[in-house]
Amino acid sequence: MRILLAEDEHALGEWLSKALEQAGFRVVWVDDGRLAERSLAEHDFDAMILDLGLPGRGGHELLQRLRAEDRRLPVLILTARDSLAERVSTLNEGADDFLAKPFALAELEARLTALVRRARGVEHPRFACGPLVFDTVTRQFTLNHEPLALSPREQAVLKALIQRSGEPLSKQQILDRVFSDEEDVLPEAVEVLVHRLRKRLEDTGVRIVTLRGLGYALEG
């Protein structure tokens, strides 16, 4: 899952970015509300962790703008302001969940996964496409109930596709999710990974199709 983290406390932002990435999330961290708004305009995310006290553009205003544009990105508020009135007003503004500092990392991970599941209408912590299943708890793929061995980048590409099963993902969207921490990665890298995955999925009933002008989609 690709997460936008908007947090201006640098020690917390650096620690949380690393911790979430080690847990299998792809994280883009910004420390200013205007940078968060720009990232939302330029990239595709599965959820956002939003601090209310951002400089540049406050968290409340950012959330209000997001919902005014009818963007349904799941938003988890992370803040030290833990009053009942604050929680109620923020949820009424369109936040999906609220977690007060200090917090347990395991709870944050579980809440993020639950937000994305609910946004996609999934009641259990799994994504499936035919016999191919990705378990968000174990972070493992199975194919016909057998473990599917993949390299980290192959897994990242397949996970991005299964999270949007049946919907196209462009090469740029895949690049953003798989290579977000690297510069000057060419689209050909995506083509190579998709080719490898197609080989692994041969004769299984699951396939990666190319939709001209749109990108790749997983079908099963």
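Analysis parameters
Every chain's residues receive numbers from 1 upward, in the order its sequence appears when written. Given that this is a predicted model, residues contribute local features only at a pLDDT of at least 70 and side-chain atom pairs are listed and counted only at 80 or more, while totals for whole chains, interfaces and linings are drawn from all residues. Side-chain numbers here rest on the full set of heavy atoms in the structure, without hydrogens or water. At least two bridges found by DSSP between two strands are what make those strands a pair. Helix numbering and strand numbering both begin at the N terminus, where a helix is a DSSP run of H or I of at least 4 residues and a strand a DSSP run of E of at least 2. In this analysis, axes come from line fits to C-alpha atoms, helices being fitted only over the stretch in contact, and the angle between any two N-to-C directions falls in the range 0 to 180 degrees. The length a helix should cover is 1.5 Å for every residue beyond the first. Here a residue-residue contact requires only that any non-hydrogen atoms of the pair lie within 4.5 Å. Accessibility here uses a 1.4 Å probe with only protein chains present; expressed as a share of the type maximum, an area under 20% marks a residue as buried, one over 50% as exposed, and anything in between as partly exposed. When the strands point away from the viewer and the connection leading from the first strand across the helix to the second strand turns clockwise, the crossover is called right-handed. Note that the term roughly parallel is reserved for angles under 35 degrees, roughly antiparallel for angles over 145, roughly perpendicular for angles of 65 to 115, and oblique for everything else. Crossing handedness is read from the near helix: turned anticlockwise from the far helix by less than a right angle, it gives a left-handed crossing, and turned clockwise, a right-handed one. Residues are grouped as follows: Ala, Val, Leu, Ile, Met, Phe, Trp, Tyr, Cys and Pro are nonpolar; Asp, Glu, Lys and Arg are charged; all remaining types, including Gly, are polar. Here the aromatic set is Phe, Tyr and Trp, taking the six-membered ring for Trp, and pairing holds for ring centres within 6.5 Å; pairs whose planes are under 30 degrees apart are stacked, those over 60 apart are edge-to-face, and all others are tilted. Counting of polar contacts relies on pairs of N or O atoms within 3.5 Å, with two restrictions inside protein: one atom must be capable of donating a hydrogen and the other of accepting it, and residues adjacent in sequence are counted only when both atoms are side-chain atoms. Salt bridges, as used here, are contacts in which a Lys or Arg side-chain nitrogen is within 4 Å of a carboxyl oxygen on Asp or Glu.

Within an unreviewed UniProt entry, the label attached to the chain reads Response regulator, and the organism entered is Caldimonas mangrovi.

**Let's talk about the sheet that holds strand β3 (residues 47-50)**
Strand order across the open sheet formed by five strands is β2-β1-β3-β4-β5, with parallel pairing between neighbours. Strands with a single pairing partner mark the edges of an open sheet, and in this sheet they are β2 (26-30) and β5 (97-100). Strand-to-strand twist in this sheet, taken as the mean axis angle between neighbours without regard to direction, amounts to 20 degrees.

**Describing helix α5 (residues 105-119)**
Its 15 residues place the ends of α5 21 Å apart at the C-alpha level, agreeing with the 21 Å of an ideal helix rising 1.5 Å per residue. Taken together, the buried residues of α5 touch β1 (2-6), α1 (10-22), β3, β4 (75-79), β5 and β6 (126-129).

**Quick word on the pairing of β4**
Summarising burial for β4: five of the five residues are buried, a large majority. Of the strand pairs in this sheet, β3 and β4 are connected by three bridges, and their pairing is parallel. From the neighbouring strand, I49 faces β4, where its bridge partner is L76. Taken together, β3, helix α3 (residues 59-68) and β4 form a β-α-β motif whose crossover is right-handed. Sheet analysis places β4 next to β5, joined by four bridges and oriented parallel. Residue pairing in the sheet places T79 in a bridge with A100 of β5.

**Some thoughts on the packing of helix α2 (residues 33-42) against α3**
Packing of α2 against α3 brings their axes to within 10 Å, and their N-to-C directions diverge by 20 degrees. Taken together, the axis directions place α2 and α3 in an arrangement best described as roughly parallel. Helix-helix and strand crossings are classified by hand; for α2 and α3 the assignment is right-handed. Taken together, the residues of α3 that come into contact with α2 (itself represented by G33, A36, E37 and L40) are L62, R65 and L66. Classifying every residue of the contact of α2 with α3 gives four nonpolar, one polar and two charged.

**Details of the packing of aromatic side chains**
Throughout the structure, instances matching the rule amount to two aromatic pairs. Aromatic side chains W15 and F103 sit 6.4 Å apart centroid to centroid with 45 degrees between the ring planes, which places their arrangement in the tilted category. Of this pair, W15 sits in helix α1 while F103 sits in the loop between β5 and α5, and the two are 88 residues apart along the sequence. The exposure class of W15 is partly exposed, given its relative accessible area of 41%. Measuring from ring centre to ring centre gives 4.7 Å for F134 and F141, while their planes differ by 45 degrees; the resulting arrangement is tilted. Given a relative accessible area of 2%, F134 falls into the buried group.

**Some points on the environment of Q173**
Here Q173 shows up in helix α7 (residues 171-178). Sequence spacing of Q173 and H43 is 130 residues, and the spatial spacing of their C-alpha atoms is 7.4 Å. Aside from chain neighbours lying at most four places away, what touches Q173 is D44 and P168. At a separation of 2.9 Å, a polar atom in the side chain of Q173 contacts the main-chain amide nitrogen of S170.

**Points about the pattern of salt bridges**
By the definition in use, this model includes 17 salt bridges. Residue R200 is joined to E154 by a salt bridge in which the shortest nitrogen-to-oxygen separation is 3.0 Å. Within this pair, whereas R200 is found in helix α8 (residues 188-200), its partner E154 is found in helix α6 (residues 152-163), the two being separated by 46 residues in sequence. Judged by its relative accessible area of 38%, R200 is partly exposed. Under the relative-accessibility criterion, E154 is labelled buried at 3%. The network of salt bridges with common partners includes E7, E9, D51 and K101.

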